[in-house]
Amino acid sequence: MTGVRSGLRKGLAGTACKAVLMDLDGTLVLSEDVHRRAWQAFFDTWAVKITEAEYEQHYMGRRPADVITGMPGPWTGTDAVAALATMTAFTLDHAHSVQVVPGATELIRQLRTKYLLSVVTSAGAQWARHILENVLDVRGLVDVVVTSEDITCGKPSPEGYLRACAALRVRPEQCLAFEDSPSGVRALVAAGVRDIVGVTTTATAADLTHAGARWTVPDLTPRSMQHIRGSISTRTGAPASSDTEAEA
């Protein structure tokens, strides 16, 4: 593991990287099923049928407050606060089923030895605190956590990532970022982050690349990260494709 750590440091140092920005759900933990079931409970309340394609395009990876107030439906004009409280309670009740993305915890520990670290999530503070403290056990390693309560507009708005950069006192182009959803990748691109790793836990490599990811990986294990370290070190500038996963 020492070789992995030194190789990663060398690659990032070549890009003048000062900080790492990470999404939470889907990127560090496999929690999409919990959030999907929470949304389904919300849809069922209103007797609304949403296809998987519609869910992925309009709901997945986005802040529930933005969706409920911005997406037209029978819930329009109703009490969004009450709906959000119900969804938060649902996710916390089912948090026991969340699994860690392979390699996530070790990668965070490696990165934090040299770089500032921020987690930027569309989820609420309660959920983020539970996952970082009780599931990943890395809260003490994360310098800045930005949750849905900290911003006025969620992903694909760049607000959350810009807030994290400001808090870390780094420029977006000095950051390496990890995201699993196209909306999150678009938020990073809009913020000015160039080196974006798409984690293909909830979206395809093609969709993440199209949104702006430079590389894609199936997980965060050293084997998967090996290809990225080489790409960062050589600064080829070539965006990732679905072939990245095979090479990783």
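Remember, predicted model here, so these are calculated numbers, not experimental data.

J.: Which parts of the structure should I look at to understand the confidence of the model for the protein?
T.: Within the protein, residue pLDDT values average 83, and 86% of them lie at 70 or more. Contacts for the low-pLDDT stretch residues 1–14, under 50 throughout, to residues beyond four places or in other chains number 27 contacts.

J.: Sorry, what's going on with the pairing of strand β6 (residues 175–179) here?
T.: Successive residues of a regular strand alternate their side chains across the two faces of the sheet. Burial analysis of β6 places five of its five residues in the buried class, which makes it a mostly covered element. The side-chain alternation of β6 yields two buried faces, one formed by C175, A177 and E179 and the other by L176 and F178. Summarising the sheet, strand β1 (residues 19–22) and β6 pair through four bridges and their orientation is parallel. Note that in β6 the partner of V20 across the bridge is L176.

J.: Would you mind showing me how to read empty space enclosed by the protein here?
T.: Sizing a probe to match a water molecule and rolling it over the atoms shows the empty space that remains. In the structure shown here, the tally under the stated rule is two cavities of 30 Å³ or more. In this structure, the largest cavity encloses a volume near 50 Å³. Taken together, V120, T121, S122, I151, G154, K155, S157, G160 and Y161 form the lining of the largest cavity. Looking at the lining of the largest cavity residue by residue, the classes come out as three nonpolar, five polar and one charged.

J.: Which parts of the structure should I look at to understand the packing of helix α5 (residues 80–93) against helix α7 (residues 125–135)?
T.: One way to put it is that α5 packs onto α7 with a least axis distance of 10 Å and a crossing angle of 15°. It follows that α5 is roughly parallel to α7 by the angle criterion. Crossing geometry of α5 relative to α7 is assigned as left-handed. The residues of α7 that touch α5, namely those facing T88, T91 and L92, are Q126, W127 and H130.

J.: How do you make sense of the packing of helix α2 (residues 32–45) against α5 when you look at a structure like this?
T.: A packed helix pair is summarised by two numbers, namely the angle formed by the two axes and the spacing between the axes. Axis separation between α2 and α5 bottoms out at 9 Å; the angle between their running directions is 140°. By the criterion of interaxial angle, the relationship of α2 to α5 is oblique. Once α2 is placed against α5, the crossing between them reads as right-handed. Along the contact surface, α2 presents V34, H35, R37, A38, W39 and F42, while α5 presents A83, M87, F90 and T91.

J.: I tried to follow the environment of G192 on my own but got confused; where do I start?
T.: Structurally, G192 can be placed in the loop between α9 (182–191) and β7 (195–199). When its relative accessible area of 30% is taken as the criterion, G192 is described as partly exposed. Considering only alpha carbons, one finds G192 and L162, 30 residues apart in sequence, at a separation of 8.7 Å. The residues touching G192, leaving out its near neighbours within four places in the chain, are P172 and E173.

Conventions and cut-offs
Residues numbered from 1 in each chain as written. Predicted model: local features only at pLDDT ≥ 70, side-chain atom pairs only at ≥ 80, totals over all residues. Heavy atoms only, no water. pLDDT = per-residue confidence, 0-100. Contact = heavy atoms within 4.5 Å. Buried < 20%, exposed > 50% of the residue type's maximum accessible area, 1.4 Å probe, protein only. Helix = DSSP H or I, 4+ residues; strand = E, 2+ residues; numbered from the N terminus. Pairing = 2+ DSSP bridges. 1 Å grid on protein atoms, 1.4 Å probe; cavity = no way out; pocket = protein on both sides within 12 Å on 5 of 7 lines; lining within 4 Å. Points joined across faces, edges and corners; volume = space filled by probe spheres on them. Nonpolar A, V, L, I, M, F, W, Y, C, P; charged D, E, K, R; others polar. Axes fitted to C-alpha atoms, helices over the stretch in contact; angles between N-to-C directions. Parallel < 35°, antiparallel > 145°, perpendicular 65-115°, else oblique. Left-handed = near helix turned anticlockwise from the far one by under 90°.

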